[in-house]
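Below, each chain spelled out in residue letters.
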Amino acid sequence: MDAILEAAARILEDEGLDRLNTNTTAAKAGVSVGSLYQYFPSKDAILAELIRRDHLALLAELTLAAQKLAGGTLEQAVRALVRVGVERQLARPALARALDFAEAGLGMDDETKATLRAIEAVAIRVLGSHLQRLSRRAIHLAAADIGALAKGMIDAAGQRGETNSAALTARVTRAALGYLTPPPATR
């Protein structure tokens, strides 16, 4: 199963989503199409499993980063979470772009939605521990907005072929902190 998924990932990276099918995946994995069908009934099933694994890995990495943040500042927390997203995207940017594109067309199942809610919950917990001045609703909105802001910036950087994760982490962190900083009081 892992060989099939890695073969599909390599096809997505090297040739794009249009070239992915069960026959090319089986050939690249070195298995028969019949063997592939024992695990995956379709190309969409392969894509769904790649997306599911990607989301679960992201959740695990964010959770670990959040656990290590106890007692840190808001800036340290935001930077640590952003770094996870940046490093995941830049590790295999072509694969990340292909999976993002495929995900939009697959119709997300309940498991995927639950994983995405769990990812957002990590951000909510981290922000909530630093932003007691905000209401629960405002913290949820901030987590969603910052998640979208970070995803947009990180995805765009990946599309441009950026490879400097430290510079991208700094830019996204700066944007997120700008969002989180209250405007100056007016007279």
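In what follows, the structure referred to is the one given above.
Take the overall build of the protein next. Within the protein, the secondary structure is distributed over nine helices and zero strands. What you see in the protein, going N to C, is helices and strands ordered as α-α-α-α-α-α-α-α-α. In terms of its C-alpha atoms, the protein occupies a principal-axis envelope of roughly 70 × 30 × 30 Å. Every one of the 187 residues in the protein was classed for burial, and the buried ones make up 36%. Restricting to contacts in the protein with at least 6 residues of sequence separation, those with at least 24 account for 65%.

Moving on, we get to the pattern of salt bridges. Inspection of every chain in the model, using the stated rule, returns 13 salt bridges. Two residues, Arg-79 and Glu-75, come together in a salt bridge whose shortest N-O distance is 2.9 Å. Within this pair, Arg-79 and its partner Glu-75 are both found in helix 5 (residues 74–91), separated by four residues, close to a single helical turn. Salt bridges sharing common partners tie together Asp-2, Glu-49, Arg-52 and Arg-53.

The next subject is the environment of Leu-116. Of note, Leu-116 is situated in helix 7 (residues 110–130). When its relative accessible area of 31% is taken as the criterion, Leu-116 is described as partly exposed.

Turning to its location among the elements, Gln-89 is positioned in helix 5. Given the relative accessible area of 6%, Gln-89 is considered buried.

With that settled, consider the packing of helix 5 against helix 8 (residues 136–160). Between two packed helices, both the angle of their axes relative to each other and the distance between the axes serve to describe the pair. At their nearest, the axes of helix 5 and helix 8 sit 10 Å apart, and the two run at 30° to each other. Comparing their axes, helix 8 and helix 5 come out roughly parallel. You can see that helix 5 and helix 8 cross each other, and the crossing is right-handed. Residues Val-82, Gly-85, Val-86, Gln-89 and Leu-90 of helix 5 pack against Ile-154, Asp-155 and Gly-158 of helix 8.

Relative to the helices and strands, Asp-155 is located in helix 8. Not counting chain neighbours up to four residues away, the residues in contact with Asp-155 comprise Gln-89 and Asp-100.

Criteria and thresholds
- Residues numbered from 1 in each chain as written.
- Predicted model: local features only at pLDDT ≥ 70, side-chain atom pairs only at ≥ 80, totals over all residues.
- Heavy atoms only, no water.
- Helix = DSSP H or I, 4+ residues; strand = E, 2+ residues; numbered from the N terminus.
- Buried < 20%, exposed > 50% of the residue type's maximum accessible area, 1.4 Å probe, protein only.
- Contact = heavy atoms within 4.5 Å.
- Salt bridge = Lys/Arg side-chain N within 4 Å of Asp/Glu carboxyl O.
- Axes fitted to C-alpha atoms, helices over the stretch in contact; angles between N-to-C directions.
- Parallel < 35°, antiparallel > 145°, perpendicular 65-115°, else oblique.
- Left-handed = near helix turned anticlockwise from the far one by under 90°.

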